[in-house]
2 protein chains.
Amino acid sequence: MLHVAEAARVSVATVSAVLNGTATVSPELTQRIEQAIRDIGYKRNAIARSLKMGTTRTIGLTVPHITNPFFTDVVSVIQQAFDRAGYAVMLCCTDEDLNTQDEQIRLLLDRMVDGLIVARVGDGGILKGIVEDANVPVVLLDRLCEGVDTDAVVLDNQRAVFDAVTYLIHLGHRRIGYITGASDISPMHDRMIGYREALQAAGLPVAEELVRSGNFHEIDGYNATMQLLSLHDRPSAIFSANNPMVIGTMKAIRDIGLSCPEDISVACFDDFPWSDVFVPQLTTVAQPVQAIGEQAANLLLERLAGNRDAPPRKLILKGRLMIRNSCRPLGALAQTISA
Amino acid sequence: MLHVAEAARVSVATVSAVLNGTATVSPELTQRIEQAIRDIGYKRNAIARSLKMGTTRTIGLTVPHITNPFFTDVVSVIQQAFDRAGYAVMLCCTDEDLNTQDEQIRLLLDRMVDGLIVARVGDGGILKGIVEDANVPVVLLDRLCEGVDTDAVVLDNQRAVFDAVTYLIHLGHRRIGYITGASDISPMHDRMIGYREALQAAGLPVAEELVRSGNFHEIDGYNATMQLLSLHDRPSAIFSANNPMVIGTMKAIRDIGLSCPEDISVACFDDFPWSDVFVPQLTTVAQPVQAIGEQAANLLLERLAGNRDAPPRKLILKGRLMIRNSCRPLGALAQTISA
DNA sequence: AACGCTAATCTAAACGTTTCGAATGTGTCA
DNA sequence: TGACACATTCGAAACGTTTAGATTAGCGTT
């Protein structure tokens, strides 16, 4: 900027003025300065600007795993939204580990991100303190966090699973296996409640041996399914509360020599692009990823636009049951349908 | 830092010294300063540091679409690698659009990223100038760029497709449809060559009506497949040079009332997690995503570590044909096998 | 001709670090 | 006792911006 000022024979203040349009500058000087900028190929240093202004026009986004198709899609939407608004986004993957998350949030804060969107892990760690300090706005994504009162957009997980399990019950299933992730994550907790309530609403018992817990990965789904399938009175249907784990479920079914949906019905959380192309076409609970991403971005952008002390808003969106053909009717119902 | 200095009754220079270990500081002062840091909850301002040091410990990463599973995986690996090295990564999606890419690269450069990893789009745009200026190191990912001589890691695309198509030919296929993306992208160009060479090596003609070009999206694959399948002498196999497009291919096959592999064989580029779970299990060319991501990260990290003027290195990795059951043997071969 | 008003431009401080060189103190050696 | 080396600490400039306030010039009024 100094060089531009010299070349245009003006002060740096004037250059800054035309760059930002913050003051009226005569046409001649404007012209000279613009020419000098082109000649020199000057690019304004956003770091120096950030230091002075106290804002970086950068936000931090952390998710447990970007390879989980739900997060892939949401990250993509969020990235686009902030790109349109002229913000950069720093992406971090916490690998479902609290220490990693704390470290990455610190990294982002050190770099003075203007805001944070977090799909939290564990108990939230340092998140609570950050929200309380209220220096940088935080919006929670997908997962609420106990004791952390801030903007959030989540799914009505309980209702979504309730609907899905009720659907299985309507098909005639009575023993429905359930595979979940760690229950300290709010969606996992809520989904579990949805499962139990659906059974209870139908007057069915909640058999603890049908509930298995894993750590979100394919292998965990595989192991859980193996256990369910080796029960002496094995379930006729399995609902997997997490998408990567359902891959493990399908592999376990195949490896054990069964097939879906003939021998066992399967449904799961989170839709994915291939779900209606291959056989079986998996029945899933689809989250409105586009809306989730956009709403999260909007909540944060509004805070960034200055609306700091409005009360926190929690947006709760509805899932949608995508009925395909991985679940088959059972018993009397099956008779009527095939007849 | 000023507050810390005051609280510990020392100068800011001394605080900086203990923070960075750049000078010997007496045990008492060190102690006092550390205490003050804890008391105040001081966090060093990375922006100010960056301004002074001229380095942000942040890199920029641009890909066409993060939802393409190949890029999802590679981004994930790269993110992890830089995280380990204490770098933040700014992620941008260019949506396969050159203007968007230019804009985003400018955005990243404004923010003084220390380096860039780019899966380029179009003809590279401003990339060439940036590499020539040599202020920030650039490594090309997945796609080389004409006239841009810099570090790169790509696949041996030609060989990979050659192998895949040769496999189809060995199965007895003679008319093999080929669906590609825009040919100004080096991998698409090279894959096409691999296709032609495989046919020529087998003494088969290259029928232009069997080659269709799309814009990387599912819908393009759908349309291209529809065209191929409505040919009066339709192909017995289709190879899709891009993963999202193969979804369109599968949908088109289904919509037209055919089935894979009975009526038509399908193979495609890029593996995905579900590929061996559902039916048909798709035969794919798997890229070594882990290695690609790590090598790209390493190339850049080495440059960042100071090795600036070594000649550019191009790493060419090998793909792997994952033979599953979406391609069936034809003619005489089918007889022998089923006999 | 002196005055005030407005518009255009500039000067200089500030943002929070790092770092060079100067200053201070302490012990060693001739 | 003075000179010197060494260890420790500090003052102040610098990084590239923004911006409040000062300065200057131009112009219409009286």
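Note that the coordinates shown come from a computational prediction; the quantities given were computed from them, not determined experimentally.

### Some details on the layout of surface pockets
Then comes step 1: The space that makes up the second largest pocket amounts to roughly 900 Å³.
Then comes step 2: Taken together, 28 residues form the lining of the second largest pocket, with Leu109(A), Met112(A), Lys43(B), Arg44(B) and Asn45(B) sitting closest to its centre.

### Points about the pattern of salt bridges
Then comes step 1: Counted according to the given criterion, the structure contains 30 salt bridges over all chains.
Then comes step 2: Glu208(A) is paired through a salt bridge with Arg196(A); the nearest N and O atoms lie 3.1 Å apart. Linking Glu208(A) in the loop between helix H9 (186–201) and strand S7 (211–213) with Arg196(A) in helix H9, this pair joins segments that are 12 residues apart in sequence.
Then comes step 3: Relative accessible area serves as the criterion here: at 48%, Glu208(A) is assigned to the partly exposed category.
Then comes step 4: Judged by its relative accessible area of 26%, Arg196(A) is partly exposed.
Then comes step 5: Residues Lys251(B) and Asp276(A) are paired through a salt bridge, measuring 3.6 Å at the closest nitrogen-oxygen approach.

### What about the interface of chain A and chain B?
Then comes step 1: With 49 residues of chain A at the contact, the number on the chain B side is 49 residues.
Then comes step 2: Summed over both partners, the interface of chain A with chain B comes to about 4300 Å²; 65% of that surface belongs to carbon and sulfur atoms.
Then comes step 3: Taken as a group, Ile47(A), Trp274(A) and Phe278(A) account for 17% of the area that chain A buries against chain B, more than any other trio of residues on that side.
Then comes step 4: Between the two partners, chain A and chain B, sit four salt bridges.

### Points about a nonpolar patch on the surface
All names here are of chain A.
Then comes step 1: A surface patch of nonpolar side chains, amounting to about 240 Å² of accessible area, comprises Met 1, Leu 2 and Val 12.
Then comes step 2: Within the fold, Leu 2 resides in helix H1 (residues 2–8).
Then comes step 3: A residue is classified by how much of its surface remains accessible, and Leu 2, at 51% relative accessible area, is exposed.

### Here we look at unusual backbone geometry
The general pattern is negative phi for most residues beyond glycine and trans for most peptide bonds.
Then comes step 1: In this model, Val279(A) is joined to Pro280(A) through a cis peptide bond whose omega is -5 degrees.
Then comes step 2: Across the junction of Cys260(B) and Pro261(B), the peptide omega takes the value 10 degrees, indicating a cis bond.
Then comes step 3: Counting through the fold element by element, Pro261(B) comes out in the loop between helix H11 (243–255) and strand S9 (265–269).
Then comes step 4: Of note, the phi angle at Phe216(B) is positive, near 75 degrees, even though the residue is not glycine.
Then comes step 5: Note on placement: Phe216(B) falls in the loop between strand S7 (211–213) and helix H10 (218–229).

### A look at the pairing of strand S6 (residues 176–180) of chain A
Two faces belong to every sheet, and in a regular strand the side chains alternate between them.
All names here are of chain A.
Then comes step 1: Burial analysis of S6 places five of its five residues in the buried class, the great majority of the element.
Then comes step 2: Of the two faces of S6, both are covered, the one formed by Ile 176, Tyr 178 and Thr 180 as well as the one formed by Gly 177 and Ile 179.
Then comes step 3: In this sheet, strand S8 (residues 237–240) lies alongside S6 in parallel orientation, the contact comprising four bridges. Note on S8: the bridge partner recorded for Ile 176 is Ala 237.
Then comes step 4: Bridge count between S6 and S7: three bridges; the pairing is parallel. Bridge pairing links Ile 179 to Arg 212 in S7.
Then comes step 5: Chirality of the crossover, the property in question, places the unit of S6, H9 and S7 among those that are right-handed.

### What to know about the protein's contact with DNA strand C
Then comes step 1: As a matter of local geometry, DNA strand C sits amid 22 residues, with Thr14(A), Thr24(A), Ser26(A), Met1(B) and Ser16(B) nearest to it.
Then comes step 2: Contacts to DNA strand C include Thr14(A), whose side-chain N or O atom sits 2.5 Å from a phosphate oxygen.
Then comes step 3: At 2.6 Å, a side-chain N or O of Thr24(A) approaches a phosphate oxygen of DNA strand C.
Then comes step 4: Contributions of two or more residues to the surface near DNA strand C are made by helix H2 (12–20) and helix H4 (46–53) of chain A together with helix H2 (12–20) and helix H4 (46–53) of chain B.
Then comes step 5: With four residues, H4(B) is the largest single contributor of residues to the surface near DNA strand C.
Then comes step 6: Looking at the surface near DNA strand C, its residues break down into 10 nonpolar, seven polar and five charged.

### Thoughts on the protein's contact with DNA strand D
Then comes step 1: Around DNA strand D lies a shell of 22 residues, among which Met1(A), Ser16(A), Arg49(A), Thr14(B) and Ser26(B) are the nearest.
Then comes step 2: Taken together, the sugar and phosphate atoms account for 73% of what DNA strand D places within 4 Å of the protein.
Then comes step 3: Met1(A) has a polar backbone atom sitting 3.4 Å from a phosphate oxygen of DNA strand D.
Then comes step 4: Counting only elements with at least two residues in the surface near DNA strand D, the list comes to H2 and H4 of chain A together with H2 and H4 of chain B.
Then comes step 5: Ranked by residue count, the leading element in the surface near DNA strand D is H4(A), at four residues.

### Regarding the relation of the copies chain A and chain B
Then comes step 1: For the pair chain A and chain B, the best superposition has an RMSD of 0.1 Å and corresponds to a rotation of 180 degrees with a translation of 0.0 Å parallel to the axis. Given the turn and translation reported, the copies of this chain are related as if by a two-fold rotation axis.
Then comes step 2: A share of 100% of interface residues in chain A that are also interface residues in chain B marks the association as one of identical surfaces.

### Details of helix H8 (residues 157–170) of chain B
Then comes step 1: Across its 14 residues, H8(B) extends 20 Å between first and last C-alpha, which sits within 8% of the 20 Å expected from 1.5 Å per residue.
Then comes step 2: When we look at burial in H8(B), the residues that qualify are Asn157(B), Ala160(B), Val161(B), Ala164(B), Val165(B), Thr166(B), Tyr167(B), Leu168(B) and Ile169(B).

### A few points about the domain arrangement of chain A
Then comes step 1: Each assigned domain of chain A is listed here: domain 1 (2–44), domain 2 (55–154 + 289–316) and domain 3 (157–288 + 322–338).
Then comes step 2: Relative to domain 2 of chain A, the C-alpha centre of domain 1 of chain A lies at a distance of 37 Å.

### Some details on the sheet that holds strand S12 (residues 320–322) of chain A
Residues and elements named next belong to chain A.
Then comes step 1: Pairing is mixed in the open sheet, where six strands are placed in the order S7-S6-S8-S9-S10-S12. Each end of this open sheet is capped by a strand with a single partner; those strands are S7 and S12. The sheet shows a mean angle of 15 degrees between the axes of neighbouring strands, taken without regard to direction.
Then comes step 2: With three bridges connecting them, strand S10 (residues 283–286) and S12 associate as antiparallel partners. Along S12, the bridge assignment pairs Thr 284 with Met 322.
Then comes step 3: On top of the sheet, H9 reaches S6, S7 and strand S9 (265–269); it is set at about 170 degrees to S6, its chief contact.

So, how was this worked out
Residues numbered from 1 in each chain as written. Chains lettered and ligands numbered in written order. Predicted model: local features only at pLDDT ≥ 70, side-chain atom pairs only at ≥ 80, totals over all residues. Heavy atoms only, no water. 1 Å grid on protein atoms, 1.4 Å probe; cavity = no way out; pocket = protein on both sides within 12 Å on 5 of 7 lines; lining within 4 Å. Points joined across faces, edges and corners; volume = space filled by probe spheres on them. Salt bridge = Lys/Arg side-chain N within 4 Å of Asp/Glu carboxyl O. Helix = DSSP H or I, 4+ residues; strand = E, 2+ residues; numbered from the N terminus. Buried < 20%, exposed > 50% of the residue type's maximum accessible area, 1.4 Å probe, protein only. Contact = heavy atoms within 4.5 Å. Buried area = accessible area lost by both parts, 1.4 Å probe. Patch = residues over 30% accessible without salt bridge, like charges linked within 9 Å, V, L, I, M, F, W, Y side chains within 5 Å. Areas by Shrake-Rupley, 256 points an atom, 1.4 Å probe, with all protein chains shown as cover. Pairing = 2+ DSSP bridges. Right-handed = clockwise from strand over helix to strand, strands pointing away. Near = heavy atom within 4 Å. Polar contact = N/O pair within 3.5 Å; in protein donor to acceptor, adjacent residues only side chain to side chain. Nonpolar A, V, L, I, M, F, W, Y, C, P; charged D, E, K, R; others polar. Least-squares fit on C-alpha atoms with pLDDT ≥ 70 in both. Expected span 1.5 Å × (residues − 1). Domains from an automatic or database assignment. Axes fitted to C-alpha atoms, helices over the stretch in contact; angles between N-to-C directions.

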